[in-house]
Structures are given as structure tokens and as C-alpha cells.
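Structural overview
So you can see what is in the structure, the chains are spelled out below.
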Amino acid sequence: MIVAITGTPGTGKSSICSVLGRRGYFIVDLDQEARAGGFIVGRDESRGADEVDVEGLRNHLLIPAKIAFLKGHYSHLMDVNLAIVLRCRPSVLRKRLQERGWPDSKIQENVEAEAIDSILQEAVARLDLVYEIDTTERTAESTAAGVLEILQGRTKGHAPGSVDWSHEVLSWY
Ligand SMILES: Nc1ncnc2c1ncn2[C@@H]1O[C@H](COP(=O)(O)OP(=O)(O)OP(=O)(O)O)[C@@H](O)[C@H]1O
Ligand SMILES: [Mg+2]
């Protein structure tokens, strides 16, 4: 069972995977794998982000464990059995990203991507099993527990579409 932990930057992939890692689960950091395998093919300076050869990485990736969590905002584009999309209310995500000192343009791009369910849509377009967890009002520990509950089949309230930021987005206009 290979599980993608995905989501817009700042939704908590690293925080949740560090909790899962402490509990003994096998975590694959895709940015690290991409760097080590030579799959960083460029740098988008305007967005302040590395460009990853996602297809190359997907073909190269060998997971030496029966249960593993793949961490990264493109993990739902790997060969996974299931994806869990971490979500965060856009106004709260903006604060989380501001705390990182990111440029306004990069913050805006990511807040908008979150607002329009970008990663969720990408995931449901290619995977049968996709669930989402709203991290806005939860701790990393509680979100990690939620991930494990979903794997145990307790998926109620986590179906794609259960998170809806449209009300907040409409308030921007
Ligand atoms: N419920 C929560 N789950 C996860 N992170 C939370 C939560 N509540 C607050 N946070 C905070 O939000 C931030 C999430 O950052 P984190 O680095 O885990 O995100 P990420 O998804 O890995 O981002 P990136 O794609 O840039 O690596 C942290 O500062 C964390 O403390
Ligand atoms: Mg991270």
C-alpha cells in the first residue's frame, strides 16, 4: 500500500509525515528522491521553485516497503494506491505561508491553487482512491491520526468534495 500525502505547500505534508515517521512508518521524501536521482531539470525563478521531471521520477522510484507514505505536492502523480490531499482554509494558508517569508506573488499563487482545489482535481483525475483532510482546525498529530483512520476504512467525511472553500472565495469579490 503506497499512499501519497499531497496538498498545496503549507497544508502540512512535512509536519504530518514527521509524525508518521516517528511512529515508525516508512516515509519517502520526493524532493529528496528527485534531487538524488537527478530529476530536478530546472529552476523556475519567477515562482521560486524547482522543476521536477515527474514522469522520470515516477519511472525511477522503487519503494522498498510494503507500506509507505510518499511526501510531496506531486506525490499524487506517482504510482500510488491512494492519495490523501491535505487542505487548509485559504485565509489560514496565507498566514502559514507569510510566516515562511515567501514573496507575495508565490503566496498568492498557492493560496489560489488551494482555493480552486487544484491538487484534489489532479488527484481525482488519475486515481480511484482519493480522500481529503481539512487541517485548518487540527493539529499535525490529529491529522496524522486521521490519515491512519482513512487507511483503516474510516473515510466518512473525507470524500473528494467534502472540503469546500467556495464561500470564502466568493467573499474575495
Ligand atoms: N493541522 C496542521 N497540520 C499540519 N501543519 C499545521 C497544522 N496546523 C498548523 N500547521 C503549521 O503549518 C505549517 C505546515 O508546514 P509544512 O512544512 O508541514 O507544509 P508542507 O505541506 O510540507 O509544505 P511544502 O509543500 O512547502 O513542503 C507548519 O508551520 C505547521 O506548524
Ligand atoms: Mg514539506
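Our subject in this report is the structure included herewith.

1. Digging into the pairing of strand β7 (residues 130-134)
The element β7 is largely enclosed, with a buried count of four among its five residues. When strand β6 (residues 82-87) meets β7, the two strands line up parallel, connected through five bridges. The partner of Val-85 across the bridge, within β7, is Glu-132.

2. Considering the site of ligand 1
Taken together, 16 residues form the shell around ligand 1, and within it Pro-9, Gly-12, Lys-13, Ser-14 and Ser-15 come nearest. Those elements giving two or more residues to the shell around ligand 1 turn out to be α1 (13-22) and α7 (140-151). The leading source of residues in the shell around ligand 1 is α1, at four residues. By residue class, the composition of the shell around ligand 1 is three nonpolar, ten polar and three charged.

3. Side note on helix α2 (residues 30-37)
Here α2 has its buried residues at Leu-30, Glu-33 and Ala-34. Buried residues of α2, viewed axially, fall in a sector of 100°; they line one side. Those residues of α2 that are exposed and angled more than 90 degrees off the buried face are Gln-32 and Ala-36. Taken together, the buried residues of α2 touch β2 (26-29), β3 (40-44), β4 (49-52), α3 (54-60) and β5 (68-71).

4. A word on the nonpolar core
One finds Val-3, Ala-4, Ile-5, Leu-70, Ile-84 and Val-85 to be the most contacted residues of the largest nonpolar core, which totals 31 residues. Listing elements by their share of this core, those giving two or more residues are β1 (2-7), α1, α2, β5, β6, α6 (118-126), β7 and α7. Sequence-distant contacts of Ile-5, defined by excluding residues within four places in its chain, comprise Lys-13, Ile-16, Cys-17, Phe-69, Leu-70, Lys-71, Ser-75, Ile-84 and Leu-86. The next biggest cluster of nonpolar side chains, apart from the first, holds five residues, and it includes Cys-88, Leu-97, Ile-107 and Val-111.

5. Concerning unusual backbone geometry
Its identity is not glycine, yet Asp-117 carries a phi of approximately 60°, on the positive side. The residue Asp-117 is located in the loop between α5 (104-115) and α6 in this model. According to the C-beta neighbour criterion, Asp-117 is buried, with 21 such atoms within 10 Å.

6. Some points on α1
All of the buried residues along α1 are Lys-13, Ile-16, Cys-17 and Leu-20. Projected down its long axis, α1 carries its buried residues within an arc of 95°, all on one side. Looking at the residues trailing α1, positive phi occurs at Gly-24, about 100°.

7. Points about the environment of Glu-122
Here Glu-122 lies in helix α6. Glu-122 gets classed as partly exposed once you count the C-beta atoms within 10 Å, which come to 18. Sequence separation between Glu-122 and His-76 is 46 residues, and the spatial gap between their C-alpha atoms is 7.9 Å.

8. Here's the deal with the sheet that holds β7
Through backbone hydrogen bonds, the strands of a sheet pair up, either in parallel or in antiparallel fashion. Read across the sheet, five strands follow the order β2-β5-β1-β6-β7 without closing on themselves; strand pairing throughout is parallel. Each edge of the open sheet carries a strand with a single partner, namely β2 and β7. Taken over all neighbouring pairs, the strand axes of this sheet differ in orientation by 25° on average, direction set aside. The strands touched by α6 are β1, β6 and β7; relative to β6, the strand with the most contacts, the crossing angle is about 170°. Against the sheet, α7 engages β1, β6 and β7, with an angle of about 155° to β7.

Calculation rules
- Residues numbered from 1 in each chain as written.
- Chains lettered and ligands numbered in written order.
- Predicted model: local features only at pLDDT ≥ 70, side-chain atom pairs only at ≥ 80, totals over all residues.
- Buried ≥ 20, exposed ≤ 12 C-beta atoms within 10 Å, placed from the backbone.
- Helix = DSSP H or I, 4+ residues; strand = E, 2+ residues; numbered from the N terminus.
- Pairing = 2+ DSSP bridges.
- Near = placed C-beta within 6 Å.
- Nonpolar A, V, L, I, M, F, W, Y, C, P; charged D, E, K, R; others polar.
- Arc of directions from axis to C-beta.
- Contact = placed C-beta atoms within 7 Å.
- Core = buried A, V, L, I, M, F, W, Y, C linked by C-beta atoms within 7 Å.
- Axes fitted to C-alpha atoms, helices over the stretch in contact; angles between N-to-C directions.

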